[in-house]
Amino acid sequence: QVQLAESGGGLVQAGGSLRLSCAASGRTFSTYAMGWFRQAPGKEREFVAVISGSGVYTYYADSVKGRFTISRDNAKNTVYLQMNNLHPEDTAVYYCAAGKMYPSSWYSSSAYNYWGQGTQVTVSS
């Protein structure tokens, strides 16, 4: 029903910036909350950021707040994650996800029905 295609990952120096993109297929994109999650080797998948369908509400993990910005362009069926002042600890595979849920569940990966393939972000020190 919803297909997600990610791009923008790569290798950057600590302190650098990167912008991830997630292009979605479907005609009801604006009805889905869109989240970003990440998973480092040997670690659990963790919440990074989420944006409501309208784009009015955004929430961030404490570890990235003030450095990352999530946004969406519903006319382009695309969600973005702008990552600034990157740290080596940000190194992970980043996943885009879509779901319909109450705001109280925005932080939970199990609440999302659709997932992208993931894109690798590596931050060197």
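Residues numbered from 1 in each chain as written. Predicted model: local features only at pLDDT ≥ 70, side-chain atom pairs only at ≥ 80, totals over all residues. Heavy atoms only, no water.

Draft legend 1. Quick look at the nonpolar core. With 37 residues, the main nonpolar core has Met-34, Trp-36, Leu-81, Met-83 and Tyr-94 as its most contacted residues. Listing elements by their share of this core, those giving two or more residues are β3 (18–25), β4 (33–39), β5 (46–51), β7 (68–73), β8 (78–83), β9 (92–99) and β11 (119–124). Here Met-83 is in contact with Gly-16, Ser-17, Leu-18, Leu-20, Arg-67, Phe-68, Tyr-94 and Val-121, once residues within four sequence places are set aside. (Core = buried A, V, L, I, M, F, W, Y, C linked by side-chain atoms within 4.5 Å. Buried < 20%, exposed > 50% of the residue type's maximum accessible area, 1.4 Å probe, protein only. Helix = DSSP H or I, 4+ residues; strand = E, 2+ residues; numbered from the N terminus. Contact = heavy atoms within 4.5 Å.)

Draft legend 2. Structural detail: the pattern of salt bridges. In this structure the tally under the stated criterion is three salt bridges. One salt bridge in this structure joins Arg-38 and Glu-46, with 2.7 Å as the shortest N-O distance. Judged by its relative accessible area of 5%, Arg-38 falls in the buried class. Among the residues examined, Glu-46 registers a relative accessible area of 34% and is labelled partly exposed. Connected through shared salt-bridge partners, Arg-38, Glu-46, Arg-67 and Asp-90 make up one network. (Salt bridge = Lys/Arg side-chain N within 4 Å of Asp/Glu carboxyl O.)

Draft legend 3. Molecular detail of the side chain of Asn-77. Tracing the chain through its elements places Asn-77 in the loop between β7 and β8. Of the residues examined, Asn-77 reaches a relative accessible area of 17% and is grouped as buried. If near-sequence neighbours (up to four positions away) are discounted, Asn-77 is found in contact with Cys-22, Ala-23, Ala-24, Ser-25, Gly-26 and Phe-29.

Draft legend 4. Representation of unusual backbone geometry within the structure. Of note, the phi angle at Asn-77 is positive, near 50 degrees, even though the residue is not glycine. Notably, Asn-85 is not glycine yet its phi reads approximately 50 degrees, a positive angle. As for its placement among the helices and strands, Asn-85 is situated in the loop between β8 and β9.

Draft legend 5. Structural detail: the packing of aromatic side chains. Within this structure, the stated rule accounts for eight aromatic pairs. A network of ring pairs unites the aromatic residues Phe-37, Phe-47, Tyr-59, Trp-106, Tyr-107, Tyr-112 and Trp-115 as a single cluster. Positioned above the aromatic ring of Trp-115 is the side chain of Arg-45, whose terminal nitrogen or guanidinium carbon lies 4.8 Å from the ring centre. We note Lys-100 situated over the ring of Tyr-32; from NZ or CZ to the ring centre the distance is 4.8 Å. (Phe/Tyr/Trp six-rings, centres within 6.5 Å; stacked < 30°, edge-to-face > 60°. Lys NZ or Arg CZ within 6 Å of the ring centre and 35° of its normal.)

Draft legend 6. The pairing of β8, seen in detail. Among the six residues of β8, five are classified as buried, and the element is accordingly described as predominantly covered. In this structure, β7 lies alongside β8, joined through six bridges in antiparallel fashion. For Arg-72, the partnering residue across the bridge sits in β8 and is Val-79. (Pairing = 2+ DSSP bridges.)

Draft legend 7. The sheet that holds β3, seen in detail. Pairing is antiparallel across the open sheet formed by four strands, whose spatial order is β1-β3-β8-β7. Each of the sheet's edge strands pairs with one partner strand only, and the pair in question is β1 (3–7) and β7. Put simply, the sheet's adjacent strands are angled 15 degrees from each other on average, direction ignored. One ladder, built from five bridges, connects β1 with β3; its direction is antiparallel. Paired with Ser-7 across the bridge in β3 is Ser-21. (Axes fitted to C-alpha atoms, helices over the stretch in contact; angles between N-to-C directions.)

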